[in-house]
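As a plain string of letters, each chain reads:
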Amino acid sequence: MHIPKEHLLHGCSDLIGFAGECVQPKGTFEIWVTFGNMPLAQTIKVKFYVIEYASTYNIILGRPTIAALKGIISMPHLLMKLHNKSGIVVAIRGDQKIARSCYNTSLRAKTPVQPDDKGKASVNMTDLDMREDMRDTRPQPDGELEDFQIGPLPENTTKIGQNLPEAEKSALITVLQNNKDLFAWTAADMPGIDPEKKPNEKWRMCTDYTDLNKHCPKDFYPLPTIDKLVNNSGGYQILSFMDAYSGYNQIPMFTPDEEATSFIIEKATYYYNMMPFGLKNAGATYQRMMNKVFSQ
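Rules used throughout
Every chain is numbered independently, its residues counted from 1 as its sequence is written. A pLDDT threshold of at least 70 governs which residues receive local features in this predicted model, and a stricter bar of 80 or more applies before side-chain atom pairs are shown or counted, although totals over entire chains, interfaces and linings include all residues. Values shown for side chains rest on all heavy atoms present in the structure; no hydrogens or waters enter the calculation. What counts as a helix is a DSSP run of H or I of at least four residues, what counts as a strand is a run of E of at least two, and both are numbered from the N terminus. Partly exposed describes any residue whose relative accessible area lies between the buried limit of under 20% and the exposed limit of over 50%, with all areas from a 1.4 Å probe on protein chains only and scaled to the type maximum. By definition in these notes, contact holds between two residues if any of their heavy atoms fall within 4.5 Å. Confidence of the predictor at the level of single residues is given by pLDDT, which spans 0 to 100. Within 6.5 Å between ring centres, the rings of Phe, Tyr and Trp (the latter by its six-membered ring) count as paired, and their orientation is classed by plane angle as stacked under 30 degrees, edge-to-face over 60, tilted in between. Should DSSP find at least two bridges between two strands, the strands are taken to pair. To obtain an axis, a line is fitted to C-alpha atoms, over the contacting stretch when the element is a helix, and the angle between two such axes runs from 0 to 180 degrees between their N-to-C directions. By nonpolar core we mean a set of buried residues, namely Ala, Val, Leu, Ile, Met, Phe, Trp, Tyr and Cys, connected to one another through side-chain atoms within 4.5 Å. Any Lys or Arg side-chain nitrogen located within 4 Å of an Asp or Glu carboxyl oxygen qualifies as a salt bridge. Expected span of a helix, by definition, is 1.5 Å for each gap between consecutive residues, and there is one gap fewer than residues. Only residues whose relative accessible area exceeds 30% and that form no salt bridge are eligible for patches; like-charged ones are grouped when within 9 Å, while nonpolar side chains (Val, Leu, Ile, Met, Phe, Trp, Tyr) are grouped when within 5 Å. For the area figures, the Shrake-Rupley method with a 1.4 Å probe applies, and any residue is considered shielded solely by the protein chains shown.

> In this structure, what is going on with the overall build of the protein chain? I would like to understand it.
Across its full length, the protein chain holds six helices and 15 strands. Residue burial in the protein chain is summarised as follows: out of 296 residues, 18% are buried. A separation of at least 24 residues holds for 40% of the contacts in the protein chain among residues at least 6 apart in sequence.

> Quick question: what am I supposed to make of the confidence of the model for the protein chain here?
Reading predicted coordinates in detail is not appropriate for stretches of low pLDDT. Chain-level pLDDT for the protein chain is 76 on average; 77% of the residues reach the 70-or-more range. Between the elements of the protein chain, mean pLDDT differs from a low of 46, seen in strand E9 (residues 121-122), to a high of 90, seen in helix H3 (residues 166-178). Within the model, the stretch residues 118-134 combines pLDDT values under 50 with 16 contacts to residues more than four positions away or in other chains.

> Looking at this structure, how should I read the packing of aromatic side chains?
Aromatic rings considered in pairs are described by the distance between their centres and by the relative angle of their planes. Enumeration over the complete set of coordinates arrives at two aromatic pairs. When the ring of Phe29 is compared with that of Phe48, the centres are 5.6 Å apart and the planes differ by 25°; the resulting orientation is stacked. Here Phe48 lies in strand E4 (residues 40-50) and Phe29 lies in strand E3 (residues 27-37), a separation of 19 residues in the sequence. Overall, the relative accessible area of 10% leaves Phe29 in the buried class.

> How do you make sense of the sheet that holds strand E6 (residues 79-83) when you look at a structure like this?
Strands in a sheet are paired, the pairing made by backbone hydrogen bonds, and the direction either parallel or antiparallel. One open sheet holds the three strands; their spatial order is E5-E6-E7, and the pairing between them is antiparallel. Looking at strand neighbours, the two that pair on one side only are strand E5 (72-74) and strand E7 (89-93), the edges of this open sheet. Within the sheet, the average angular offset between the axes of one strand and its neighbour, ignoring direction, is 20°.

> Just to check I follow, could you spell out the environment of His77 for this structure?
Along the chain, His77 falls in the loop between E5 and E6. For His77, a relative accessible area of 58% puts it in the exposed group. For the pair His77 and Gln96, spaced 19 residues apart in sequence, the C-alpha to C-alpha distance is 8.7 Å.

> What is the right way to look at the pairing of E3 in this model?
Residues in a regular strand point their side chains to alternate faces of the sheet. Bridge count between E3 and E4: eleven bridges; the pairing is antiparallel. Its bridge partner being in E4, Trp32 is matched across the sheet by Lys45. Adjacent in sequence and paired antiparallel, E3 and E4 are bridged by two residues.

> Before we go on, may I ask you to explain helix H5 (residues 226-233) in this structure?
Given 3.6 residues per turn, any residue in an α-helix points the same way as the ones three and four places further on. For H5, the tally of buried residues reaches only zero of eight residues, placing the bulk of the element at the surface. Two residues or fewer after H5 comes Gly235, characterised by a positive phi angle close to 90°.

> So what exactly am I meant to see when it comes to the nonpolar core here?
Buried together is how nonpolar side chains tend to be arranged in soluble globular proteins. Counting eleven residues, the largest nonpolar core is built from Leu8, Phe29, Val33, Phe35, Ile44, Val46, Phe48, Leu69, Met80, Leu82 and Val90. Elements represented by at least two residues in this core include exactly E3, E4 and E6. The contact partners of Leu8, leaving out residues within four places of it in the chain, are Ile3, Lys26, Gly27, Thr28, Phe29 and Val50. Counting residues in hydrophobic clusters, the runner-up holds eight residues, among them Met253, Leu279, Tyr286 and Met290.

> Please clarify how the pattern of salt bridges should be interpreted in this entry.
Two side chains carrying opposite charge are able to pair once their charged atoms lie near each other. Evaluated as defined, the whole model comprises three salt bridges. Note that Glu146 and Lys169 form a salt bridge whose closest N and O atoms lie 3.5 Å from each other. With Glu146 in strand E10 (residues 145-149) and Lys169 in helix H3, this pair connects stretches of sequence that are 23 residues apart. Where Asp147 meets Lys159, a salt bridge forms, and the shortest distance between an N and an O atom there is 2.7 Å. Here Asp147, found in strand E10, pairs with Lys159, found in strand E11 (residues 157-161); they are twelve residues apart in sequence, far enough to count as distant.

> Help me out: how do you make sense of helix H6 (residues 282-293) in this one?
With twelve residues, H6 extends 17 Å between its outermost C-alpha atoms, agreeing within 8% with the 16 Å of an ideal straight helix rising 1.5 Å per residue. The set of residues buried in H6 consists of Ala282, Ala284, Tyr286, Gln287 and Met290.

> Would you take a moment to explain unusual backbone geometry for this structure?
Trans is the prevailing form of peptide bonds, just as negative phi is the prevailing case for residues other than glycine. Even without a glycine there, the phi angle at Lys70 is positive, about 55°. Mapping Lys70 onto the fold places it in the loop between helix H1 (63-69) and E5.

> Please explain a nonpolar patch on the surface as it appears in this structure.
Taken together, the side chains of Leu15, Tyr49, Ile51 and Tyr53 present a nonpolar region at the surface, about 330 Å² in accessible area. Assignment of secondary structure puts Tyr49 in strand E4. Of the residues examined, Tyr49 reaches a relative accessible area of 38% and is grouped as partly exposed.

> How do you make sense of the environment of Asn273 when you look at a structure like this?
Considering the arrangement of structural elements, one finds Asn273 in the loop between strand E15 (269-270) and H6. The class of Asn273 is partly exposed, set by a relative accessible area of 44%. Along the sequence, Asn273 and Ile251 sit 22 residues apart, while their C-alpha atoms lie 8.8 Å from each other. Excluding anything up to four places from it in sequence, Asn273 contacts Pro252, Met253 and Glu258.

This is the structure we're talking about:
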């Protein structure tokens, strides 16, 4: 908006985000803002906080502004209605495509590393979340989606855009139908792949670590027996069945050993950063970690 720094008013309080992060505003300023198009419009003075922070949005209107407008917002319709000074209803509509694009961009936004008081870079625990690097960065369709049945059963569906022009939608459906043999609905539809069925009736892909386990020394860390678990539970009114199954999948691999877990697929070679199931000492490693966690 090209507002000179000397026109900013200082002395405003810090802004606190949802995750507790603190942002110091550069200052504030007030300008008259018109909502809607004349003559169906409303003009009020709005106070803006200027911050230096990576965000998908250039301007965010807060609750004080919406309250001053006496606006009613409908999120499903991307619509806000309010009365102008003449009492006439003003409707302000958002753009579905732009809103979806901003939302998808915000999901991929990275939290910048902020220096601490000593000049050293500090990292929040949220920056270490491995799910940050697992997000799907492929192009996503804009607008609403609808299910299209492509397999023999009603649940064998894929999704296509609702707002596609009829010519494009027809061409897309034709391509999907001509290539429906490429979709896998069950394990039997994936020849050459040997998935394993878990006790909870779900499927998982397995990597054969038989040779690797033969060359690894056994970790004889004691694992709890069922008798000990039952005896220790006696006399208590409540027993917690915390879902800790496959918890060792959250333990980072020792960096020099990561390449030993490598496996090959058609286009590339990968290895695990986190300890996978199938390793000889995975159970002992997880038990040692849990004992340390609950020893305090």
